Amino acid sequence: MSYQHLVVPPGGSRITVRDGRLVVPDNPILGFVRGDGIGPDIMRASLRVWDAAVSQAFGGRRRVHWMEIYMGEQAVAKYGGDPFPPEAQAALKDVLVSIKGPLTTPVGGGFRSLNVALRQQLDLYACVRPVRYYAGVPSPLREPEAVDVVIFRENTEDVYAGIEFKAGSPENGKLAKFLREELGASFFEDAGLGVKPMSAFGSKRLVRKAIRYALDHGRESVTLVHKGNIMKYTEGAFRNWGYEVAREEFGERTITEEELYSRHGGKRPEGKVVIKDRIADIMFQMMLLRPSEFDVIATPNLNGDYLSDAIAAEVGGVGIAPGANMADHLAVFEATHGTAPKYAGQDKVNPGSLLLSGVMMLEYIGWTEAATLIRHAYPRVVQKGVVTYDFARQMEGATEVSTSGFADALIAELRGLSDPVALRQARRRTIESLQRAREAQRVAEPEAAMEASGRLPTSVADIMTRLLVTVSPRSTVEQAMHTMREHGVSSVLVEPEAGGPWGIMTQRDVVSRIVNANRSPAEVKAGDIATRPLIMVPGLTSLHDCSTRMLAANIRRVVVEQDGAPVGIVSDTDLFRVVDEHGWVHA
Ligand code: NAP
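The structure reproduced in this document is the subject of the present report. (Residues numbered from 1 in each chain as written. Predicted model: local features only at pLDDT ≥ 70, side-chain atom pairs only at ≥ 80, totals over all residues. Heavy atoms only, no water.)

Concerning the site of the ligand
Contacts to the ligand come from 20 residues, most closely from G338, A340, K342, Y343 and Y389. Between a nitrogen atom of the ligand and a side-chain N or O atom of H337, the distance comes to 3.2 Å. Protein contact buries 66% of the 870 Å² of open area that the ligand shows by itself. A class-by-class count of the residues in the shell around the ligand yields 9 nonpolar, 7 polar and 4 charged. (Near = heavy atom within 4 Å. Polar contact = N/O pair within 3.5 Å; in protein donor to acceptor, adjacent residues only side chain to side chain. Areas by Shrake-Rupley, 256 points an atom, 1.4 Å probe, with all protein chains shown as cover. Nonpolar A, V, L, I, M, F, W, Y, C, P; charged D, E, K, R; others polar.)

Right, dumping it as C-alpha cells:
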C-alpha cells in the first residue's frame, strides 16, 4: 500500500482473506471516509465511541488503526476535482473493510451519484440493512420490539441498472420499433422505456450471501421477496434461483417452508434455516402486522429500496438505520441518510446511523464484544431521554444534546457495562425463547400459522381439504350417497378391499354408473362403481404438477398421500380458488 495523499497508519496490519474467510489481526487497518455536510460531525463522534467500545471490550489487547480515505468534496480539493479518485478506489480495496459518511452528489459531475459509482466500481453487489428496535426510540408501531430483520438488497441489476431511454429520443425510437415489430409488444407512443435485467448470477450471489449470513448468525429463516406473480421472468426467476441456491449449495443446512410444514409439522430442525418467499406487497403488510415472522430478507433492487426504508421507518426512521454495501469480502459500511447540508458543522445531528453501521462493521470483523457494548449502551442513553434534536422533538421531557454530547453520554454508559459475553448470551436467550413460542404456535395450528404469516400456497399440501370422508366398499351406493350429503362433499374415498388399492366414488359416478346405467343405488355396492386405483400424489407436489396429473388422467381431483395413506384431497375447484385469491406465480 503506497499512496499519493493517503497515509497508512503505522502499527496497523491489513485484513486478509484465507479460505473464503476474513483474517482479522488485533491491530487491523480500517478505512474511513469522513463525508460531506454533517459527515465530519457524525464521523468524529462515532470514531470516539467505536474506539472506546473496543478498548473497554478488549482492555487494550485490540485496537483499530484508522486510515482516512478521501471521497466527495475532500477528494475534489485534493485530487484536482475528482470526487472519487482511483486512489480512493484502490485504498478501499486494499483495506477491505471501511466506513463512510454521506457524500454530496456532484451536480453535472458525470456521476449519477457517488454512491452508485462506488457500488459499481467495486461491484458491491449486496446492500445490507439490519433493522431492529432499540428501546426508547420513538416508533409508530404498537410492538416495535418484534422488528429484527436483516435486508439483503441486490445492488447491481433490476430497473436500477440504468438501461433507460428517454421518450422521443432516437434510441427510444429504435428500441420501440424493435419491441413492436419484432416482439409484438404494445405501449403508448410517448412512453419512456427502461429495461429490467435480472440474472441467475446476480440473483444467486445475493441470495447465497443472505443464506450464509443466516447460518453464521443463528438466524431462523431467509425470505425471498419478489413480484413473481406479475414479472415472471425477472422477479419470478429471482425466487426460483433463490430456492435453487438453497437446495444446491446449502441442501444440508436449509429446508423450505414447504418442508417445514409438510415434513416436520411446523417444527424447525435444529440448526437449519427455513427458506421461504413472499410477494412484495404482502411483505409490506406483514412487516406491519407480523414482523416477528421475518428474519433475513433477500430481495431485488427496487423492492429492497422501498422495503428497507419502510421497515426502518417502523422503528425510528431512516435517520438511525445502519447499512453496508458489500461484495464477497470487500465491505463499505455507511450512514444511510444524506449530508443534511443545513446542519453541516453545527455538531447537532443524530450520529445513530453511522454509529450503528460501525457496530455492524465491528460484528463483520468478528469483534462482537465491542459491538455488543454499544448495542446495549445505546438504548440505555436514549431511554434516559438523552438524545439529539430529531428525537427530542418526538419525545416528551427529553434532554437535547449535541452530536458530540450524545457520544459522551454513550461512552460514559458503555464504560459502566462489563461482560459483553453475558449481555450477548442474554439477548440470544430472549431470541430463542421467542423462536420457541412461534414454533409452538406453528406446531399447534399449522394452517392458521401459515396463513397468518402471509404465505402463498404452492403445493397440494397447502390447499388440500384435510377432511376425508371414507366408506366401506361393501356399503351400498345409497348409503354412500347419504354419507356424501351428510358431509356436504361431492366424493367419498372407498376403502381398500383385501389389501387392494383405495378407490373414489364421485357424484359423476352416480350419474354415469347408476342413473345412466339404470341400476338401483340400494342394490349396487360402492366398491363396484368406485374408480380404482386412486391417483395419489405426495404433499410436496407443486400446484403446476398437480394440474398436469389431473389433465393427463382426465380427472377433477387427486388424493394427497403420506406413507401410502390418503391424507387430503385437492380438486380443480381448490386450484381455481387459489388462483382467484392469489394470482398465479410462474412455476
Ligand atoms: P438528507 O441529507 O438525508 O437530509 C434530509 C433530512 O433528514 C434533514 O434535513 C434532516 O431532517 C434529516 N436528517 C438526515 N440526517 C440526519 C441525522 N443524522 N440526524 C438527524 N436528522 C437527519 O437528504 P437530502 O437533503 O435529500 O440530501 C442532501 C444531500 O445528501 C444530497 O446531495 C444527496 O445527494 C446526498 N445524499 C447522500 C447519501 C449518501 O451519501 N449515502 C444519501 C442520501 C442523500 P430535518 O430537516 O427534519 O431536521
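Points about the packing of helix α21 (residues 543-553) against helix α22 (residues 572-582)
Packing of α21 against α22 leaves a shortest axis separation of 11 Å and a crossing angle of 145°. In the packing of α21 onto α22, the handedness of the crossing is left-handed. Where α21 abuts α22, its residues L543, C546, S547 and M550 lie against D572, L575 and V578. Looking at side-chain class alone, the contact of α21 with α22 contains 5 nonpolar, 1 polar and 1 charged residues. (Axes fitted to C-alpha atoms, helices over the stretch in contact; angles between N-to-C directions. Helix = DSSP H or I, 4+ residues; strand = E, 2+ residues; numbered from the N terminus. Left-handed = near helix turned anticlockwise from the far one by under 90°. Contact = heavy atoms within 4.5 Å.)

Digging into the pattern of salt bridges
Per the stated rule, a full pass over the model turns up 35 salt bridges. The salt bridge partner of D277 is R239, with a shortest N-O separation of 3.0 Å. Remark: R239 occurs in helix α7 (residues 232-250) and D277 occurs in strand β12 (residues 273-279); sequence separation between them is 38 residues. With respect to class, D277 is no different from R239; both count as buried. Measuring nitrogen to oxygen at the nearest pair gives 3.5 Å for the salt bridge that ties D509 to R513. Of the two residues, D509 and R513 are both situated in helix α19 (residues 507-515); the distance of 4 residues between them amounts to about one turn of the helix. Judged by relative accessible area, which is 7%, D509 ranks as buried. Taking relative accessible area as the criterion, R513 reaches 33% and is therefore assigned partly exposed. Among the ionic contacts, a cluster of salt bridges with common partners joins D148, R219, D295 and R427. (Salt bridge = Lys/Arg side-chain N within 4 Å of Asp/Glu carboxyl O. Buried < 20%, exposed > 50% of the residue type's maximum accessible area, 1.4 Å probe, protein only.)

Here's the deal with the pairing of strand β3 (residues 29-33)
Of all the 5 residues making up β3, 5 are buried; the element is thus mostly covered by neighbouring parts of the structure. Both faces of β3 are covered, namely the face carrying I29, G31 and V33 and the face carrying L30 and F32. Pairing of β3 with strand β4 (residues 65-68), which is carried by 4 bridges, proceeds in the parallel orientation. Paired with L30 across the bridge in β4 is W66. (Pairing = 2+ DSSP bridges.)

Structural notes on the environment of V559
Looking at the element boundaries, V559 is found in strand β22 (residues 557-562). Discounting residues that sit within four places of it in the chain, V559 has contacts with L493, L534, I535, M536, V537, P566, G568 and I569.

Description of helix α12 (residues 368-383)
An ideal rise of 1.5 Å per residue puts 22 Å on 16 residues; α12 measures up with 23 Å between its terminal C-alpha atoms. The buried count for α12 comes to 12 of 16 residues, which makes it a mostly enclosed element. Within α12, the full set of buried residues consists of A370, A371, T372, L373, I374, R375, H376, A377, Y378, P379, V381 and V382. Positive backbone phi, at 85°, marks G385, one or two positions downstream of α12. (Expected span 1.5 Å × (residues − 1).)

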